[in-house]
Structure formats: structure tokens, C-alpha cells
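These are the residues of each chain, in order.
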Amino acid sequence: PNLLAISRMRRRQASQVMVALDHDGMKTKIPPGPYFISLKIDGEFTVMAYKDGDIISVNPYGTVRMGAPFHIELGKMLAKAGIKSAILGGELWVKHADGHRPRVHDVTRLARAPQSPADVDQLHYAVFAIYDFDGVDLSTQPGPQLAKIRAIFANGKHVTPIETHEGSDADIQTHFKKWVVD
């Protein structure tokens, strides 16, 4: 498949389901109901493509990467799960040793021009979508997709599931306060 086209299409799809709301907007525009509430990491949207042990990543701008610790770890996790081919959506981000919040410019700087292996080691990948697991697209099935992501990627060092909680519209406000305000 054309991975650049897939990356661009999937980024557009992700953008279409995200809505920017302030605290007051949440109270009036989010209807009651059950939700999957995910942390938005400030990084770079990246698609991972895996086939029989080989793995590359592609962002919507056409940057192709391979061979970083997060690639190697992801390949091992998929192989251990018995997956032969996969296309995943996620966020490439920088984990700061001091716990500072990641920013997209950190990824831009480290991923495009790393100065050392330690720079590359700071790159992490948070999985939030399964676009293809051995020919099956789970991206339109939030519950089964989240369960699979958690089962395969829960114990990674460089690769993890995106932080996601199941809850109500009231829980969205609680997580907003925790993630954004505090």
C-alpha cells in the first residue's frame, strides 16, 4: 500500500473526530453518554507499517524512519502477539527525563537531527489506532481496538498505548482538569 497516502488519509480522519473545546464548551456541547477519553500527546502523528518482522514509520509529510528503539520494540511486540502484518496509528513523542510535558518541536528537533543515540532513545510511540492487523481494520471498533492495544503494548518502554479511560461526560471534565488545567 501507499503508506504516505494512508498516513495523510488517517490523519485527516483523526482530525475530523477531534473537536477543540474550552472548559465552558465542554459543559454545553458534549452530550451525556459513555466515552473513551484519551490524552492528546503533543507530538507527531505517525503511521507504523509492519510486515513479517520489518517495520517503518511514515508521517503525513513523507518522512520515513526506521531502526530506532521504538521501531525495534514495536516489531518485537507484534511478533510476540503473532501479528504478521500491521498498520498502526499513533503519536511519536519525546519523553523528557525530568518529566516535562512533550512538545511537537521536541520531536521535530530530535527525530530529524539527533545528535546522539541518547537523543534517539528519547523518542517514544503511543499507539491509538489499529488500521490493519493481518487484514482486519479495528479503528471503527473502539472497545475491541482499545483492548487489543492494551494487551499488546501495555508493558513497553518506548511503545505504549495512548492513555485512555472509559467514562461519562462528567469524567471528560475531570480528565480535562487533570491533564490541561493542573
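Just above, that's the structure.
Residues numbered from 1 in each chain as written. Predicted model: local features only at pLDDT ≥ 70, side-chain atom pairs only at ≥ 80, totals over all residues. Heavy atoms only, no water.

Peer 1: What am I meant to see in the overall build of the protein here?
Peer 2: Across its full length, the protein holds 7 helices and 8 strands. Since a compact globule built from 182 residues should have a radius of gyration of about 16 Å, the 17 Å found for the protein is in line with a globular shape. Summarising its shape, the C-alpha atoms of the protein cover approximately 45 × 35 × 30 Å along the three principal directions. The long-range share in the protein, meaning contacts at least 24 apart out of those at least 6 apart in sequence, stands at 70%. Approximately 10200 Å² of the protein is accessible, and the part contributed by carbon and sulfur atoms is 56%. Computed over 22 positive and 20 negative side-chain charges, the separation of the two mean positions in the protein equals 2 Å. (Helix = DSSP H or I, 4+ residues; strand = E, 2+ residues; numbered from the N terminus. Rg over C-alpha atoms; globule rule 2.2 N^0.38 Å. Contact = heavy atoms within 4.5 Å. Areas by Shrake-Rupley, 256 points an atom, 1.4 Å probe, with all protein chains shown as cover. Lys, Arg positive; Asp, Glu negative; His and termini not counted. Charge placed at Lys NZ, Arg CZ, Asp CG, Glu CD.)

Peer 1: Can you walk me through helix H6 (residues 142-153) in this structure?
Peer 2: Side chains three or four residues apart in an α-helix point the same way, a direct result of the helix having 3.6 residues per turn. Taking 1.5 Å of rise per residue, 12 residues should cover 16 Å, and H6 covers 16 Å from first to last C-alpha, within 8% of that figure. Its buried side turned inward, H6 meets strand E1 (35-38), helix H3 (69-80), strand E5 (85-94), strand E6 (123-133), strand E7 (159-161) and strand E8 (164-167). (Expected span 1.5 Å × (residues − 1).)

Peer 1: Is there a simple way to think about the sheet that holds E5 in this case?
Peer 2: Sheet strands pair via backbone hydrogen bonds, and the direction of the pair is either parallel or antiparallel. Strand order in the open sheet formed by 6 strands is E4-E3-E2-E5-E6-E7, and the pairing between neighbours is mixed. Looking at which strands have only one partner, the edges of the open sheet turn out to be strand E4 (64-65) and E7. Summarising the sheet, E6 and E7 pair through 3 bridges and their orientation is parallel. The residue bridging Ala126 from the neighbouring strand is Thr160, located in E7. With respect to the sheet, H6 is in contact with E5, E6 and E7, its orientation differing from that of E6 by roughly 135 degrees. (Pairing = 2+ DSSP bridges. Axes fitted to C-alpha atoms, helices over the stretch in contact; angles between N-to-C directions.)

Peer 1: What's the story with the environment of Pro60 in this structure? I'm lost.
Peer 2: By the secondary structure assignment, Pro60 is in the loop between strand E3 (54-58) and E4. Given a relative accessible area of 8%, Pro60 falls into the buried group. The spatial distance from the C-alpha of Pro60 to the C-alpha of Lys84 is 24 Å, given a sequence separation of 24 residues. Residue contacts for Pro60: discarding those within four places in its chain leaves Leu4, Ser7, Arg8, Arg11 and Phe45. (Buried < 20%, exposed > 50% of the residue type's maximum accessible area, 1.4 Å probe, protein only.)

Peer 1: Even after reading the chapter, I still don't get the pattern of salt bridges, so can you show me in this structure?
Peer 2: Pairing between side chains of opposite charge can happen when their charged atoms approach one another. Summed over all chains, the structure comprises 7 salt bridges. Ionic pairing is found between Asp42 and Arg103, a salt bridge with its closest N-O pair at 3.9 Å. A residue pair is termed long-range when its members are at least 10 positions apart, and Asp42 in the loop between E1 and strand E2 (44-51) and Arg103 in the loop between E5 and helix H4 (104-112) qualify at 61 residues. Classification of Asp42 as partly exposed rests on a relative accessible area of 23%. The salt bridge partner of Arg112 is Glu44, with a shortest N-O separation of 3.6 Å. Taken together, the residues Arg112 in helix H4 and Glu44 in strand E2 connect sequence positions 68 residues apart. Among the residues examined, Arg112 registers a relative accessible area of 45% and is labelled partly exposed. Its relative accessible area of 6% is what places Glu44 among the buried residues. Salt bridges sharing common partners tie together Glu44, Arg65 and Arg112. (Salt bridge = Lys/Arg side-chain N within 4 Å of Asp/Glu carboxyl O.)

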